[in-house]
Amino acid sequence: MSPVTARNPHEDSQDKKGGGQTSGDPDEPVVDPMEGMGDSADTPMLLTEIDHIAIAVDDLGDAIDYYRETFGAVVDHREVVESDGVEEALLKVAESYIQLLTPTRDDSPVAKYLEKKGPGLHHIGYRVADCAVALEAVKAQGGRVLDEKPRPGSRGTTVAFIHPKTAFGTLIELVQE
Ligand code: CMX
Ligand code: CO
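If you're wondering where the values come from, they're calculated on a predicted model, not measured in any experiment.

Colleague: Help me out: how do you make sense of the coordination of the cobalt ion (ligand 2) in this one?
Modeller: In a perfect tetrahedron of four donors around a metal, the angles come out at 109.5 degrees. In a perfect octahedron of six, they are 90 or 180 degrees. Listed as protein donors to the cobalt ion (ligand 2) are His52 (NE2), Gln99 (OE1), His123 (NE2) and Glu173 (OE); their distances from the metal cover 2.0 to 2.6 Å. We note that the donor set of the cobalt ion (ligand 2) lies within a single chain, spaced as H-x46-Q-x23-H-x49-E. With His123 in strand E5 (residues 120–128) and Glu173 in strand E8 (residues 172–176), this residue pair connects regions lying 50 residues apart in the sequence. Summarising the burial analysis for this pair, His123 and Glu173 share the class buried.

Set out below in structure tokens:
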């Protein structure tokens, strides 16, 4: 029998060693192969797709060239979001986007990020059916949010950002198309 089917995840096991995935080393912690695998009956799945992966860059043109020349990925949408102090270029990958992000002014949060960390992964946008519902779900779980209410994002979306502190260090954006 495979390790995944070997044990009932709901059992209050005194004998986890019998079913968990181990190397046989008695000192190694037992891994529950079913952990996180959809046994939470009361939490509906709110994420419908990866909307975008945002990458902070110093020079938007250089980054666009890199993606075109290396991967043949081309710009699908370009927009300045003045209220956020950023310019974005969206490159479509299947139903998701790579969002190349650059600051439009010195006090932009993305300028601060680049100064501190240099170019790189900035945030992940998870697509949701209803941004307000997803945001309330985050708050109900004690998650800290950066946007108390959904607000306009780029290309006519409605978005809200979640504080990375309560999201395992990742800046998360909820995106409703
Ligand atoms: N990764 C991890 N942590 C980050 C982070 C990142 N990329 N960016 C910010 N943080 C941290 C900060 O260090 C700060 O931590 P502390 O509270 O511990 O000091 C915290 O997150 C809050 O950051 P902030 O910049 O001080 O908070 P603001 O409320 O001023 O701004 C946010 C929050 C998310 C709006 C801003 O940081 C940002 O990223 N703006 C750009 C938004 C954007 O991409 N707009 C494009 C349009 C939207 C879209 O459609 O994608
Ligand atoms: Co984004």
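Additional details are given in the paragraphs that follow.
Colleague: What exactly am I supposed to notice about the sheet that holds strand E2 (residues 75–81) here?
Modeller: Across the sheet, which stays open at both edges, the eight strands sit in the order E2-E3-E4-E1-E5-E8-E7-E6 with mixed pairing between neighbours. Strand pairing shows two members of the sheet lacking a second neighbour, E2 and strand E6 (151–152), which therefore form its edges. Here strand E3 (residues 86–93) pairs with strand E4 (residues 96–103) via eight bridges, running antiparallel. Counted as the bridge partner of Ala89 is Leu100 from E4. Contacts from helix H1 (residues 60–71) reach strand E1 (47–56), E2, E3 and E4 within the one sheet, and its direction differs from that of E4 by about 155°. Contacts from helix H2 (residues 109–117) reach E1, E3, E4 and E5 within the one sheet, and its direction differs from that of E4 by about 85°.

What counts and how
- Residues numbered from 1 in each chain as written.
- Chains lettered and ligands numbered in written order.
- Predicted model: local features only at pLDDT ≥ 70, side-chain atom pairs only at ≥ 80, totals over all residues.
- Heavy atoms only, no water.
- Donors = N, O, S within 2.8 Å, 3.2 Å for Na, K, Ca; no water.
- Helix = DSSP H or I, 4+ residues; strand = E, 2+ residues; numbered from the N terminus.
- Buried < 20%, exposed > 50% of the residue type's maximum accessible area, 1.4 Å probe, protein only.
- Pairing = 2+ DSSP bridges.
- Contact = heavy atoms within 4.5 Å.
- Axes fitted to C-alpha atoms, helices over the stretch in contact; angles between N-to-C directions.

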